[in-house]
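Residue-level structural notes
For reference, the chains in residue letters:
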Amino acid sequence: MDPSEVEFLAEKQIVTVVPNFSHDEVFLIGGNIGPFNAGLPVEVPLWMAVNLKQRQKCRIQPPEWMDVEKLQAKKQEEIDSPIFQPTLNENYMEVTKLLLSHATDDIPHADEVYTLIKDIWDLRMAKLRQSVDKFVKDQETHARLDNLSLMEINTVRPFLTQALDHMHTLRMNTVTGGQPYTQE
Amino acid sequence: MPLNKQEMRMGHSEGQTDVCYEETGNHILTCGSDGDVRIWKSMDDDDPESINVGDAAYAIAMKNNRLYTASEANTIQAHTFPEGSADGIVTRFTAPVTHFCLSEDGEKLLAGASDFTLKYVDIEGSNQKSFHGHNAPVLSVAIDPKHEYIASSSCDGTLKIWSIADQSWEKSVSLIPKCSDVSLSKTLCRLSWKPQVGKFLAVPVEKEIHIYERDSWDLAFTLTPQDVTGFISVTAWSPCGHFMASANTDGHICIWDVNTRECIDRTKHNKGLAICGMAWHPANGNEIAYTDVMGQVGVLDNVIPPDRKTTTQVQVFKQSADLFDDDAVDEDFLDAVTQAEVENAAGKPTNEGEDGDDVMPATQHKRIMQIQDDDNSMDGSSRAGDDGASVMSGTMDTMVPQPTTYEGPKPTPLQKPFIPAATPVHLASRFMKWNSIGIIRCYDTEDESSIDVEFHDTSVHHAMHFDNQLNRTMADLSAEAVLLGSETNGDVPSQLVCYHFASWDNQKEWTTSLPKGENIKCLTLGRGWLAVATDKRLVRLFSIGGMQREILAIPGPVVCLAGHGNQLIIVYHAGTGVPGEQCLGVQLLHIGGKRKRCVVSGDRLPVSPKATLAWLGFSAEGTPCTVDSEGVVRLLNRSLLSWIQISNTKNHSKSRSDHFWVVGLNESPQQLRCIQCKGAAFPPTLPRPSIMVLPFQVPLCDLDTEKGIMEEAYWRADALSKHIEYGASQGYEIDEMSQAQTDREKQENIMKLFALACRTDREYRASEICQLMTSQHAVTLAIKYASRSRRMALAERLNQLAQQMMEEEMAAMETEQEEEEHDGYYSNATTTKRSSSSTEWSTLSRSKAPTHQASRQDDEDDNEEAQEEEVAMEDDECDDDDDGMPEMKSRKVPTILIKPKKDGVITSALPSSQTRKNPFKRSSSESQVASKGSSVFDSMKKLTKLKAKSPPEKPSEPKQKKGKTQSTLFGNMKSPRQKEKDESNKEGTEQTMPVNKPPSAFSYWLTENQASLAEETPELSESDLIKLATQKWRSLPAEEKKDWGAKAKRSVQSLEADTDPKENAAQETTELTEGKKRKLPHDGEVTQGSEKRVKGQIKVKGQDSSIVKRPLLSSTNSKLAGFAFKKD
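Residues numbered from 1 in each chain as written. Chains lettered and ligands numbered in written order. Predicted model: local features only at pLDDT ≥ 70, side-chain atom pairs only at ≥ 80, totals over all residues. Heavy atoms only, no water.

1. Focus: the overall build of chain A
On a plain count of helices and strands, chain A comes out with six helices and five strands. Listing the helices and strands of chain A from first to last along the sequence gives α-β-β-β-β-α-β-α-α-α-α. Here chain A holds 184 residues, and the buried ones make up 38% of them. In chain A, once contacts between residues fewer than 6 apart in sequence are set aside, the share between residues at least 24 apart is 67%. Just so you have it, chain A exposes about 11,400 Å², and 54% of that area is on carbon and sulfur atoms. (Helix = DSSP H or I, 4+ residues; strand = E, 2+ residues; numbered from the N terminus. Buried < 20%, exposed > 50% of the residue type's maximum accessible area, 1.4 Å probe, protein only. Contact = heavy atoms within 4.5 Å. Areas by Shrake-Rupley, 256 points an atom, 1.4 Å probe, with all protein chains shown as cover.)

Dropping the structure here:
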């Protein structure tokens, strides 16, 4: 899966925006949105929020978890634990990326938020790499990882599965190839 | 005797020190940065007692045998005197206390701290008031001897005079250089009030002393010492109030005669060190103790030259002082003092009478009074009266020459005028207005002073930015204009500026100055007009273009204004309320438009106990609305002209200090728009607050029960739908959608309530509930419900009610008197009915969704269809109620009405086919009856199809029985018009059955068997007979029915010999497949008339059969029969 596809899925998430226009309810396949009242917060999908923001039609209210204190606590939690902790939001990376690239002005302490999210991401990726490493070295047949976000899974999936495939064929080859050798 | 400066003593380590006298003046107490309090018996005392109070003490005061110190630990601590044991903490701050002072009676303590706050503490009680407003650590504080005001100076350079009651400042002037901390300040800026009356306040300002006059807070005069280099840091009035001492940072001490404003004497610190504490001897008023920044303590004697005071008085006091001296070490120190003083006082009333204006008497008197207060339990203080008290009571009569003035309850301070949804003026960045149009923000910093206007909807206007050099403090915003107002500022009169951005000419802005001496207090914008209220109790109206209009005088000081459309609401002080409460009057005027009138004149505005008005405005629909400081939201009920509480925002706040700052409200949808402020009463401008929506809730009882919930929902909907009526009366367009919606909600709730009352055996209550019903239809349903649940008494009553309703309606229709008065619940019902829909179908169209009506193609069909649907409805209703959950069903009633109609395809397809038939054709009486009955089933079937819940098969027996009772019950209550329609309906249904059409199997069977049935049951009427027949027909076995169907076909064939047999065959085929689609190719072949016939029959057949639930069987059968015939 492409990261852009993951992002596309993440855009379904609902965020709150304050529109600066008034409009009746919009009927979409995914559900009805609105009605929009200028100045009154309304919940819309992220894609629409970003679109409205690009056209300067709204202000995006930062999601509740996108708060420096909460992120710091989360980061600490992630540092303290050897295993993956439940994330603040299942698409935290994508949402952060989108909001911070399009609505920096609406998010208080955007820089700090970005740094913290990046830290959390790095911590989790490190854990993931570590566990993959351990998995491969111990030649385990299965492993269980909880609380991984789609984006995180997506970063290792193409490579890991292929690599495991290769290793498997190699191992099989050594097994089958070794047989005649030893027979000789 | 010249000023005598005694040798200074080293008391403390270097740093901030303070000094005070013990009450009698026998001891000098000092504190310093070493954290010790030293008690000096005199300047010769080589070994002063010392009490450790903490790490460092910044200020000290002593009253009533308690010693108070402000210590490093951010607290003010009390210690007993002279023992020095800790006696509790008076108050706490979040930063070190910089200065505090005690009131003259020693009951109140005022402290200022480095955390920018002031606290005014009741020492005996635990009450305390906080004062926020300084932007830097507080330097010094002072309590008004009359306990009305307090004064404070701060490192932010300002002097503020606060009103204690309001907890807000009255005056703020920037006087001294700014700094960031007390330790960096060049001056301590110790303020002092003139004792006893507090007429003047002395403020050391750089090298001068400014004397401010009470109440006006204007600068009365200044005292300027000559030849001094440093800043004046400390001022202190003598206890008599005629003299003042000031101390400089360069060590100069000057004594002033305030009356003549001259410097009597001056001296200088030996080392030229800064003086940081100074106190007058409280008893003789002729001695000053002072401390410097090096921790040294000094005393000045004979401060006041003898020629300026009468010596006799001093002599007397010297005596008394001596007396104390002897007993000073005694354990009963205070008692002795008390007695001595009382003796003294008692001995010299004549003396007092003689010398009017001298140093002592007032002081002395004060002190006697004070002792009384302390020792006499009469005043309610906790101190028990001891022997001192008995002395007191004995001497009371003689020693209190002045009559005690009666002290009634103190009048509550009047609430100040305000702009709704604006934050306090003193903030550096604040909201000037937040409403449904936009936000006006004001920034008032040192380098920038500006106003920003931002519109929620950018299509109204782009954001605006104004310079605010003229210090506009009030603002309002509408979709047409921005209005700004300023109060008188020096020579600039109070001004009004209007940016009329919606103007079509090029002059967008106009300005008006008010007459000199008149200040704008409130302002508001309406549509096409604006209003300003001034302190001259005038409300001035202007047109939006700047033309002056009416001037209204209002009966009291204005509190608030609000405008909406052509309505103006004015709230003013109508008088003094009961203690602690405001007494607000309200006027509601129609001032714009053609009809100007006063809607509410001078009523009292209700607010919660001890609360003030916090917001005033209109709902988006134009109903006046208030919010008070307790968070209670009230809405004006126009029919009663009373206020109804529709919400309490405090119910939604999580903690007590949370507030909801209301910015507006909507009635439909029901929304209270507000901003949640955590731990504050108003929001900050940054981070940008976001609006949240709160629901309404009428505070009825038992809101945790089903009944309570429903009642609340009904009355809330009722209260919030009044605007529709009002809008209509004002000639506004009514949104029929929303109106229908609210009506439906109300009716739904009523039905639920009715069902609940029935279920709980509250029949009387049920009948009461029915009186709230606005439509006959609803009552009809209620009757049915009642009769079905075997409540015949109730049904009877309701029947009467329905008749009454009908009569009233008829009477109303006949007379056409719109303004006719009805009493009780009916007035509501009938008026809304009449106003909302002029059609005769009022009951139905009220419950119909407008979209449905619009979707109708043929208007002429409406009547018939509606009638049919109603009949269908009623039948459906009977059926629904049979299954297990009667209350659930009846609750659904209004929705049932709507549902099928919304589904346009199905509803319009079926009945309209019937109505298209030739209306002039007549049918035989039999077929007429039969078709009528079947049409009932038709529509019923249609509904049952739509209603997934209702079981497809129903026992026909109970249904019929019920149908009977029901028809007898409400048969006689049909209005003439309805009857008329019934007739027309009959006619219509007659028309649906043309003479020549092939009768259904049923009708054929009926014609054959009617006679015998009639014989069997002679007591039945014709319609009942038909029902019975229907029932019997159903109970017939399928085979028999088939036979009858075949017979019917045959009869048709024989009758219509000329008709093409093919057509008949095709007809049967379409019947079988019940398809319009299948009919389509057929259309070309047949004539118009026969097509109609076909359609009609198909319908009747199809539906008939599907009800019986053996549809295919019978129709196949008949079709086969037809086939067979054709082949023949």
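2. Section: the interface of chain A and chain B
Each partner contributes residues to the interface: chain A has eleven residues there, and chain B has nine residues. In total, about 830 Å² of surface goes out of reach between chain A and chain B, with carbon and sulfur atoms giving 50% of it. Three residues stand out in chain A for area buried against chain B, namely Asn20(A), Leu40(A) and Arg59(A), and they jointly supply 50% of the buried area on that side. Between the two partners, chain A and chain B, sit zero salt bridges. Taken together, chain A and chain B are joined by two residue pairs in polar contact (both at pLDDT 80 or more). (Buried area = accessible area lost by both parts, 1.4 Å probe. Salt bridge = Lys/Arg side-chain N within 4 Å of Asp/Glu carboxyl O. Polar contact = N/O pair within 3.5 Å; in protein donor to acceptor, adjacent residues only side chain to side chain.)

3. With respect to the pattern of salt bridges
All names here are of chain B. For the coordinates displayed, the defined rule picks out 35 salt bridges over all chains. Between Lys 707 and Glu 711 there is a salt bridge whose closest N-O contact spans 3.2 Å. Placement of both Lys 707 and Glu 711 in helix α6 (residues 706–719) is noted, with a separation of four residues, approximately one turn of the helix. For Lys 707, a relative accessible area of 26% corresponds to the partly exposed category. Glu 711 sits in the partly exposed class, given a relative accessible area of 21%.

4. What to know about the packing of aromatic side chains
All names here are of chain B. For the coordinates displayed, the defined rule picks out 13 aromatic pairs over all chains. Among the aromatic residues, ring-to-ring pairing joins Tyr 149, Trp 193 and Trp 217 into one connected group. Above the face of the Phe 93 ring, Lys 119 is positioned so that its terminal group lies 4.8 Å from the ring centre. Over the face of the ring belonging to Phe 221 we find Arg 261, whose NZ or CZ atom lies 3.9 Å from the ring centre. (Phe/Tyr/Trp six-rings, centres within 6.5 Å; stacked < 30°, edge-to-face > 60°. Lys NZ or Arg CZ within 6 Å of the ring centre and 35° of its normal.)

5. Points about the sheet that holds strand β36 (residues 495–499) of chain B
Backbone hydrogen bonds are what pair the strands of a sheet, in a parallel or an antiparallel way. All names here are of chain B. Reading across from one edge, β34-β35-β36-β37 is the order of the four strands in this open sheet, with antiparallel pairing throughout. In this open sheet, the two strands that pair with only one neighbour each are β34 (474–477) and β37 (509–513). Pairwise comparison of adjacent strand axes, ignoring direction, gives a mean angle of 15° for this sheet. Inspection of the sheet shows strand β35 (residues 482–486) paired to β36 by five bridges, in the antiparallel sense. Note on β36: the bridge partner recorded for Leu 484 is Val 497. (Pairing = 2+ DSSP bridges. Axes fitted to C-alpha atoms, helices over the stretch in contact; angles between N-to-C directions.)

6. Quick word on the nonpolar core
Residue and element names in this part refer to chain A. Grouped together as the largest cluster of nonpolar side chains are 39 residues, with contacts concentrated most on Val 17, Phe 36, Val 44 and Val 113. Elements represented by at least two residues in this core include exactly β1 (14–19), β4 (42–45), α2 (46–54), β5 (58–61), α3 (68–80), α4 (92–102), α5 (110–137) and α6 (150–183). Here this core takes eight residues from α5, the largest share from any one element. Leave out the neighbours within four places in its chain, and Val 44 touches Gln 13, Ile 14, Val 15, Val 17, Ile 33, Phe 36 and Ala 49. (Core = buried A, V, L, I, M, F, W, Y, C linked by side-chain atoms within 4.5 Å.)

7. A few points about helix α8 (residues 736–759) of chain B
For α8(B), with 24 residues, the first-to-last C-alpha span of 34 Å sits near the 34 Å given by 1.5 Å per residue. Looking one or two residues beyond α8(B), the residue adopting positive phi is Asp761(B), at roughly 60°. (Expected span 1.5 Å × (residues − 1).)

8. Considerations on the confidence of the model for chain B
Residue and element names in this part refer to chain B. Chain-level statistics for chain B give a pLDDT mean of 72 and a share of 67% at 70 or above. Below pLDDT 50 for its whole length, residues 819–915 participates in 173 contacts with residues either more than four positions away or in separate chains. Considering only residues more than four positions removed or in separate chains, one finds that residues 1057–1112, a stretch of pLDDT under 50, has 81 contacts. (pLDDT = per-residue confidence, 0-100.)

9. So, the environment of Cys179(B)
Residue and element names in this part refer to chain B. Here Cys 179 shows up in the loop between β18 (168–174) and β19 (192–193). Taking the C-alpha atoms as reference points, Cys 179 and Gly 157, 22 residues apart in sequence, are found 7.5 Å from one another. With residues up to four places along the chain from it excluded, the contact list for Cys 179 reads Ala 136, Cys 155, Leu 184 and Ser 185.

10. A look at the UniProt feature "repeat: WD" (unreviewed entry) in chain B
Summarizing the sequence annotation, UniProt attributes the feature "repeat: WD" (unreviewed entry) to residues 9–41, 131–172 and 232–266 of chain B in the numbering used throughout. Along residues 232–266 of chain B, the helical share is 0% and the strand share 66%, with 13 Å between the first and last C-alpha atoms. (UniProt positions renumbered as here; feature names shortened; annotations may be inferred.)

11. Observations regarding the side chain of Asn248(B)
Residue and element names in this part refer to chain B. Mapped onto the elements of the fold, Asn 248 is located in strand β24 (residues 243–248). Taking the relative accessible area as the measure of exposure, Asn 248 reaches 0% and is therefore buried. If sequence neighbours within four positions are ignored, Asn 248 has contacts with Val 228, Gly 230, Phe 231, Ile 232, Ser 233, Ala 274 and Ile 275.

12. Considering a nonpolar patch on the surface
Taken together, the side chains of Met1(A), Phe8(A) and Leu9(A) present a nonpolar region at the surface, about 310 Å² in accessible area. You can call Met1(A) partly exposed: its relative accessible area is 43%. (Patch = residues over 30% accessible without salt bridge, like charges linked within 9 Å, V, L, I, M, F, W, Y side chains within 5 Å.)

13. Concerning the pairing of strand β29 (residues 296–301) of chain B
Residues and elements named next belong to chain B. Where burial is concerned, most of β29 is hidden: six out of the six residues are buried. Across the two faces of β29 the burial is the same, with Gln 296, Gly 298 and Leu 300 and Val 297, Val 299 and Asp 301 all buried. For strand β1 (residues 4–5) and β29, the ladder comprises two bridges, and the chain directions are antiparallel. Opposite Lys 5, over in β29, you have Leu 300 as the bridge partner. Pairing analysis gives two bridges linking strand β2 (residues 9–10) to β29, with the strands arranged antiparallel. The residue bridging Arg 9 from the neighbouring strand is Val 297, located in β29. One ladder, built from four bridges, connects strand β28 (residues 288–292) with β29; its direction is antiparallel. Looking at the pairing, Ala 289 lines up with Val 299 of β29.

14. Comments concerning unusual backbone geometry
Omega for the peptide link from Gly34(A) to Pro35(A) comes to 5°, which places this bond in the cis form. Here the amide bond leading from Leu686(B) into Pro687(B) is cis, since omega sits at -5°, within 30 degrees of zero. Looking at where Pro687(B) falls in the secondary structure, it is placed in the loop between β51 (671–677) and β52 (691–694). Even without being glycine, His109(A) reaches a positive phi, approximately 55°. Tracing the backbone shows His109(A) in the loop between α4 and α5. For His109(A), a relative accessible area of 53% corresponds to the exposed category. Phi is positive for Arg537(B), close to 60°, though the residue is something other than glycine. Within the secondary structure, Arg537(B) is located in the loop between β39 (529–534) and β40 (538–543). For Arg537(B), a relative accessible area of 39% corresponds to the partly exposed category.

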